[in-house]
Amino acid sequence: MAVRAIMSPFIKSIWVKSHSNVHHIKKHKEAGIIAANHQSIFDFLCLISVSGRNIHFLSAEKFFHHKLWKPLMLSTGQIKVERNAHDKSEVHATVEKHLFKKNLIGIFPEGTRSHSDTEMLKAFTGVARYALQHNVPVIPVGIKGTHHIHNKASKKVNFSKTAEIVVGEPMYFDHLKDGYKDPVVLEEVTSAIMREIAKLSGKTYPH
């Protein structure tokens, strides 16, 4: 994608200190879900800059209503999520369409940015549901340092801080694919994914 090709070198040169095992994303030519911890709006920017593949993130509606963020959201193919809407059928259909085309979907399982630099929030089970329902792997990603670049309490972006990105091996749940409607199975898969993200990010998941 042209926008990613233009922005990636700029973002990497300023904010990405290091990245490792990104080949798990670059060499994965099939459909999949990228799941990462979330502390900053820079999480998806830094991850996209090193991914080597387009990632369609589920993004809050506020970014599509913001005059600066909206063009970026639309031009990079991000997926708008109306967080207060009870009917999420349009989002589910869009995710299914992307996965059918062998694209990558990006999701922050915590749902919002964590205030803590050491502990992750309780995750929603959406990643697990999509992975099982569509029988696709989850690629866990640990992101470090973006909290210091910009966070919920920040008014300005810090140009002196950098991030580290660590990508884990794809996680397959083929044996549980029939359990995508079972709350117990979804929690089990979600916990497994979050434990792996915790290990990669150096954070804790105490839930």
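Everything numeric here is computed off the predicted structure, so don't read it as measured data.

## Topic: the packing of aromatic side chains
Line of reasoning, step 1. What the rule picks out here adds up to five aromatic pairs.
Line of reasoning, step 2. Between W15 and F159, the aromatic rings sit 5.2 Å apart at their centres with planes inclined by 35°, giving tilted as the arrangement. One end of the pair, W15, is in helix α1 (residues 2-15); the other, F159, is in the loop between α8 (146-149) and β7 (163-167), and 144 residues separate them in sequence.
Line of reasoning, step 3. With centroids separated by 5.8 Å and ring planes inclined at 65°, the aromatic side chains of F44 and F57 adopt a geometry described as edge-to-face. Of this pair, F44 sits in helix α3 (residues 42-51) while F57 sits in strand β3 (residues 55-60), placing them 13 residues apart in sequence. Neither residue differs from the other here; F44 and F57 are each classed as buried.
Line of reasoning, step 4. Here a set of aromatic residues connected by ring pairs shows up, and it is made of F10, W15, F42 and F159.

## Topic: unusual backbone geometry
Leaving glycine out, the prevailing phi sign among residues is negative, and the prevailing peptide bond configuration is trans.
Line of reasoning, step 1. A positive phi angle is found at N21, which is not glycine, with a value near 60°.
Line of reasoning, step 2. Within the element layout of this structure, N21 appears in the loop between β1 (16-20) and α2 (23-26).
Line of reasoning, step 3. Phi at K102 is positive, roughly 65°, even though this residue is not glycine.
Line of reasoning, step 4. With respect to the helices and strands, the residue K102 is situated in the loop between α6 (89-100) and β5 (104-107).

## Brief notes about the sheet that holds β1
Line of reasoning, step 1. Pairing is mixed in the open sheet, where seven strands are placed in the order β1-β7-β6-β2-β5-β3-β4. Two strands in the sheet have a free side with no partner beyond their single neighbour: β1 and β4 (79-81). When strand polarity is set aside, the average angle formed by the axes of neighbouring strands in this sheet is 20°.
Line of reasoning, step 2. Two strands pair when backbone bridges link them, and strand β2 (residues 32-36) and strand β6 (residues 138-144) are joined in this way by four bridges, in the parallel orientation. Of the residues in β6, the one forming a bridge with I33 is V138.

Parameters and conventions
- Residues numbered from 1 in each chain as written.
- Predicted model: local features only at pLDDT ≥ 70, side-chain atom pairs only at ≥ 80, totals over all residues.
- Heavy atoms only, no water.
- Phe/Tyr/Trp six-rings, centres within 6.5 Å; stacked < 30°, edge-to-face > 60°.
- Helix = DSSP H or I, 4+ residues; strand = E, 2+ residues; numbered from the N terminus.
- Buried < 20%, exposed > 50% of the residue type's maximum accessible area, 1.4 Å probe, protein only.
- Pairing = 2+ DSSP bridges.
- Axes fitted to C-alpha atoms, helices over the stretch in contact; angles between N-to-C directions.

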